[in-house]
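# Structure assessment
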Amino acid sequence: MAGTAQAAPKAAKPTSVVITGKGIQKITIDSAKRPEAFQFLLSEVSWMSTATPQTTPPKAKSLGPKYTVAVMAKNAPQQIYELYPLAVGGPRAHRGAKQPTGDKTDGWFYGRLTMSEALRVSGVPLKARPDLISGGIGGGLGEQVSAKEVDPVETANQVMVQMRQLFLLNGAVLVVIMFGLGGIAYLIRRKV
């Protein structure tokens, strides 16, 4: 039918990320097998799919090693990016004009400071940079915390016990202050 608009095809949900580069064998991070590493790496690149380029192309000698990251839906690439985690002046990323899901504007982006850690955790042989990861313990990645159920009665009891201890401590401090003031008043009155 003439004049009817067709809806844009819905983007497939990413299921894995594939990393290639000089000096490494192909690394595949599957969302089902390594969900934390998959999400960490996906967050480094997924925002660039719709973003406007941020910077001009840097000089090739200042970029350092290049790692190509392909976001896959099943076995079909959806997005492809070139990441330069060790670029002079901070990480850089490049989105080519030819993308598997359609043409985009060719562009360069400032990468996130966590790019090298995301790649390293995924298996790329880069030097650890734990100072760039926020949260967790001591600025590290943190620990796996199990979600246990909270018993509201037990929690309320603990709060009441702590409140009673605080009240008793405040009362004891008040009694000590009163005796101190009474002693000072007695000494002053006695000298007069």
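In what follows, the structure referred to is the one given above.
Right, let's walk through the structure included here. (Residues numbered from 1 in each chain as written. Predicted model: local features only at pLDDT ≥ 70, side-chain atom pairs only at ≥ 80, totals over all residues. Heavy atoms only, no water.)

### Section: the overall build of the chain
A tally of helices and strands in the chain yields three helices and six strands. Within the span of the chain, comprising 192 residues, buried residues form 29% of the whole. Contacts spanning at least 24 positions in sequence make up 48% of the contacts within the chain whose residues lie at least 6 apart. In the form shown here, the chain has an accessible surface area of approximately 13700 Å², with 60% of it arising from carbon and sulfur atoms. (Helix = DSSP H or I, 4+ residues; strand = E, 2+ residues; numbered from the N terminus. Buried < 20%, exposed > 50% of the residue type's maximum accessible area, 1.4 Å probe, protein only. Contact = heavy atoms within 4.5 Å. Areas by Shrake-Rupley, 256 points an atom, 1.4 Å probe, with all protein chains shown as cover.)

### What to know about the sheet that holds strand 3 (residues 67–73)
Sheet architecture is open: six strands sit in the order 2-1-3-4-5-6, paired in antiparallel fashion. A single partner strand is all that each edge strand has here, and the edge strands are strand 2 (24–30) and strand 6 (107–110). Pairs of neighbouring strands in the sheet enclose a mean axial angle of 25°, with direction left out of account. Where strand 5 (residues 92–95) and strand 6 come together, four bridges link them in antiparallel fashion. (Pairing = 2+ DSSP bridges. Axes fitted to C-alpha atoms, helices over the stretch in contact; angles between N-to-C directions.)

### Remarks on the nonpolar core
Core analysis: the biggest nonpolar cluster contains 25 residues, and Ile 19, Leu 83, Leu 119 and Val 124 have the highest contact counts within it. Elements supplying a minimum of two residues to this core: strand 1 (16–21), strand 2, helix 1 (35–45), strand 3, strand 4 (76–84) and helix 2 (115–122). In terms of residue count, the dominant contributor to this core is helix 1 (six residues). (Core = buried A, V, L, I, M, F, W, Y, C linked by side-chain atoms within 4.5 Å.)

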